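Results of the structural survey
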Amino acid sequence: MLTRIITTAIFAGFITAFAAALLQFLLVQPLLLQSELYESGALVHFGASGTGTTAHPDLPGFDPLRDGMSVLFTAIIYTGYAFLLVAGVALATEQGHEVTPRTGILWGIAGFVAVQLAPAMGLPPELPGAAAADVAARQVWWFGTVGVTALGLWLIAFGKSPVVWAIALLCLAVPHIIGAPHPDTFTGPVPPEIAAHFAARALAVGLASWAILGMLSGYFWNKEA
Amino acid sequence: MKTEAQVAVKSQALVGSNVLAIAFAAFVGVGLIAIAGHVQATTLHDAAHDVRHATGFPCH
């Protein structure tokens, strides 16, 4: 069982990471680089001219060290996601449920909801320089939200009684009833147009990557059986 | 031929080791995500910076 879990998680995690890194470089990184021009003061929102600031500034090109680190850490993070997802797949298999590449996509989407979408409702993916509450408080809320959302989704999928489903809904709702830690004042220098685009793309890339991760987990899980 | 009790003991041990394997996998997963995504040590933070933002982790 352990060998099957490790093999599945490493293969699924690494392959997904390269797809995720490619999508991030194409769709997310340009917005990050653009926001850094505002964080550093090279560009100023509204500017001095009164006619606005260019939406198409020159961006720094490929940086081997910086971008190489991004690929490396994407691989570590997606392997971490894969270990969590495959742990769930193994537990479901143990209980007699079959997981295939097709149902794996559903597993992946559920993982995306637990790890990215639900936390994003309280703490949207933020650009460098965005105003935010204390990082430790946000991390506590983040981990708590991921944990109870995953539990809630599990209970919806595998629960068999209305009482269990009611508990599941409560699990999904509690983090948002408590509410995420937010800053007292807004001080972010980056135009909201970039921030909104960034949040939407970060989530879209997350969804695509998690769907791939779920499908590959289902595939390697059965290959290793 | 195995007695029923022997089979039961063996399958119980198997279930126990499976649960341990699953718990271990979950622990590794949380560990990797915490190290790559959440630890605030400066070197780690700087190296993982872009990915932390792009995956929506609380970064700074």
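What counts and what doesn't
- Residues numbered from 1 in each chain as written.
- Chains lettered and ligands numbered in written order.
- Predicted model: local features only at pLDDT ≥ 70, side-chain atom pairs only at ≥ 80, totals over all residues.
- Heavy atoms only, no water.
- Domains from an automatic or database assignment.
- Buried area = accessible area lost by both parts, 1.4 Å probe.
- Salt bridge = Lys/Arg side-chain N within 4 Å of Asp/Glu carboxyl O.
- Helix = DSSP H or I, 4+ residues; strand = E, 2+ residues; numbered from the N terminus.
- Polar contact = N/O pair within 3.5 Å; in protein donor to acceptor, adjacent residues only side chain to side chain.
- Buried < 20%, exposed > 50% of the residue type's maximum accessible area, 1.4 Å probe, protein only.
- Contact = heavy atoms within 4.5 Å.

Looking at an unreviewed UniProt entry, chain B carries the name Cobalt transporter, with the source organism given as Neptunicoccus cionae.

Chain A has the name Cobalt transporter in an unreviewed UniProt entry, where Neptunicoccus cionae is given as its organism.

**Re the domain arrangement of chain A**
It is common to give the size of an interface as the accessible area that goes away when the parts come together. Residues and elements named next belong to chain A. Here chain A is partitioned into domain 1 (2-129 + 190-223) and domain 2 (133-182). Computed from C-alpha coordinates alone, the two centres of domain 1 and domain 2 are separated by 21 Å. In total, about 1,200 Å² of surface goes out of reach between domain 1 and domain 2, with carbon and sulfur atoms giving 78% of it. Scanning the region where domain 1 abuts domain 2 turns up 1 salt bridge. Here E126 and R138 are joined by a salt bridge, their closest N and O atoms 3.1 Å apart.

**With respect to the environment of A:T54**
All names here are of chain A. Residue placement: T54 occurs in the loop between α1 (2-39) and α2 (64-94). C-alpha separation for the pair T54 and L65, spaced 11 residues apart in sequence, amounts to 28 Å. At a separation of 3.0 Å, a polar atom in the side chain of T54 contacts the main-chain amide nitrogen of H56.

**Re the side chain of A:Q139**
Note on placement: A:Q139 falls in helix α4 (residues 135-158). A relative accessible area of 14% means that A:Q139 is categorised as buried. Each residue touching A:Q139, except ones within four places of it in the same chain, is listed here: B:H38, B:Q40 and B:P58.

**A few points about the environment of A:A20**
Residues and elements named next belong to chain A. Within the secondary structure layout, A20 lies in helix α1. Along the backbone, A20 and E39 are 19 residues apart, and their C-alpha atoms lie at a distance of 25 Å. Residues within four places of A20 in sequence aside, it is in contact with T74, Y78, V205 and S209.

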